[in-house]
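# Structure at a glance
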Amino acid sequence: GEVPGTLDKALERLADQQEKEADIVRKIRGAMIYPIIVLLVMFGVIAFMTIKLLPAVQNLYATFPGAQLPLITRILLSLVHFFTHFWWIMIIIVGALVFLFLRWRKSVSGRKIIDRFKMRAWPFSGLFMKIYMSRFARTSCTLVASGVPLLQVLDITGDAISNVHIQTSLKKAAEKIKGGKALSDMLSKDPNFLPLVPSMMRIGEQSGTLEQMLDKVAIYYEKEVDQEVNNINSLIEPVLMVILGIAAILIVVAVLLPIYGLANQSSLSGS
């Protein structure tokens with residue numbers, strides 16, 4: 001903005017971009033609130049049933065000489081015994097794993113693997129790719145409109161996207177542009193970019209409306225991000241219900257099987 005004398009407009013566009021970025025992050029966080037609450041409730045119910053009910057069933061069985069608990073009940077009781085008596089070991093292990101993961105995530109190899117995972121792992125790959133594309137288009141649009149040279153645009157945008165693979169692609173494209181290649185041609189051959197981005201950029205380059213085309217791409221993918229968040233939120237709910245149902249069935253079976261076993265033994269001894 002300072003170079004072409006349009007600092008006020010550049011700052012205004014930057015403010016708009018930051019507002020859109022914050023809106024996307026807010027929607028993603030909002031979509032994760034419900035699944036997190038469901039998971040916490042699920043773990044709370046399972047913890048109550050395993051810690052309170054299963055030991056009571058075990059004590060009941062202890063009053064019947066020769067009675068043996070079902071396998072699934074014995075497994076859950078072993079887990080309960082381990083977590084209640086050796087919880088401090090789990091805290092140490094989890095703390096060490098979190099510490100190692102955070103250090104690994106900051107390393108070059110860790111960032112590459114995590115960023116690739118975001119771009120490829122279902123069902124979140126579509127969401128992250130659209131976030132990256134909207135961020136690329138919005139940042140590039142802001143810089144191009146402010147009169148920043150294209151090579152500098154690619155350098156700044158690569159840092160703003162926060163993905164090492166896309167940043168590497170932009171660096172390679174910048175080297176080719178120095179040799180006279182068009183940016184749209186370089187990105188069209190790159191698997192790290194969705195096809196719409198280079199197609200719209202090619203139209204902008206040929207018609208001299210690159211800023212407008214980038215703005216349209218940004219608006220399109222910002223709407224797609226909203227839809228993707230809704231789709232993932234709709235998908236998470238039934239998946240959580242299935243997981244909750246399976247966990248509840250396992251706990252109920254572990255509690256009821258021993259009771260039915262005792263009832264059968266009592267009926268047989270009575271007859």
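Fair warning: this is a prediction, and the values are worked out from it, not measured in the lab.

Basis of the calculations
- Residues numbered from 1 in each chain as written.
- Predicted model: local features only at pLDDT ≥ 70, side-chain atom pairs only at ≥ 80, totals over all residues.
- Heavy atoms only, no water.
- Helix = DSSP H or I, 4+ residues; strand = E, 2+ residues; numbered from the N terminus.
- Rg over C-alpha atoms; globule rule 2.2 N^0.38 Å.
- Contact = heavy atoms within 4.5 Å.
- Expected span 1.5 Å × (residues − 1).
- Buried < 20%, exposed > 50% of the residue type's maximum accessible area, 1.4 Å probe, protein only.
- Arc of directions from axis to C-beta.
- Phe/Tyr/Trp six-rings, centres within 6.5 Å; stacked < 30°, edge-to-face > 60°.
- Axes fitted to C-alpha atoms, helices over the stretch in contact; angles between N-to-C directions.
- Left-handed = near helix turned anticlockwise from the far one by under 90°.
- Nonpolar A, V, L, I, M, F, W, Y, C, P; charged D, E, K, R; others polar.
- Salt bridge = Lys/Arg side-chain N within 4 Å of Asp/Glu carboxyl O.

On a plain count of helices and strands, the protein chain comes out with 10 helices and 0 strands. N-terminal to C-terminal, the α/β element order of the protein chain is α-α-α-α-α-α-α-α-α-α. On C-alpha atoms alone, the protein chain measures out to a radius of gyration of 28 Å, which is more than a quarter above the 18 Å that the 2.2 N^0.38 rule sets for 271 residues. Summarising the internal contacts of the protein chain: among those between residues at least 6 apart in sequence, 65% fall at separations of at least 24.

With respect to the helices and strands, the residue Val80 is situated in helix H2 (residues 71-85). Once the C-alpha coordinates of Val80 and Pro55 are considered, the two residues, 25 residues apart in sequence, prove to be 8.8 Å apart. The residues contacting Val80, other than those within four sequence positions of it, are Thr50 and Ile51.

Between its first and last C-alpha, helix H9 (residues 196-207) extends 17 Å over 12 residues, near the 16 Å set by a 1.5 Å rise per residue. For H9, the set of buried residues is Val197, Pro198, Met200, Met201 and Gly204. Axial view of H9: buried residues confined to an arc of 165 degrees, hence all on one face. Phi turns positive one or two residues past the end of H9, at Gly208, with a value near 75 degrees.

Working definition: an aromatic ring pair is given by the centre-to-centre distance plus the angle between the planes. Across all of its chains, the model carries 5 aromatic pairs by this definition. With 6.3 Å between their ring centres and 35 degrees between their planes, Phe128 and Tyr132 make a pair best called tilted. Residue Phe128 and its partner Tyr132 are both found in helix H5 (residues 125-145); the two are separated by 4 residues, about one turn of the helix. Ring centres of Tyr220 and Tyr221 lie 5.1 Å apart, and the angle between their planes is 75 degrees; on these two criteria the pair is classed as edge-to-face.

What follows covers the packing of H5 against helix H6 (residues 150-161). Contact geometry of H5 with H6 gives a least axis separation of 9 Å together with a crossing angle of 145 degrees. Crossing of H5 against H6: the hand is right-handed. On the side of H5, the interface is formed by Tyr132, Arg135, Phe136, Thr139, Ser140, Leu143 and Val144, while H6 contributes Val153, Ile156, Thr157, Ala160 and Ile161. Of the residues contributing to the contact of H5 with H6, the split by class is 8 nonpolar, 3 polar and 1 charged.

Summed over the entire model, instances satisfying the criterion amount to 6 salt bridges. Measuring nitrogen to oxygen at the nearest pair gives 2.9 Å for the salt bridge that ties Lys130 to Glu228. One end of the pair, Lys130, is in helix H5; the other, Glu228, is in helix H10 (residues 210-270), and 98 residues separate them in sequence. Each member of the pair Lys130 and Glu228 is classed as buried. Between Glu222 and Arg138 there is a salt bridge, and its shortest N-O distance comes to 3.1 Å. Of this pair, Glu222 sits in helix H10 while Arg138 sits in helix H5, and the two are 84 residues apart along the sequence. For Glu222, a relative accessible area of 13% puts it in the buried group. The exposure class assigned to Arg138 is buried, which follows from its relative accessible area of 8%.

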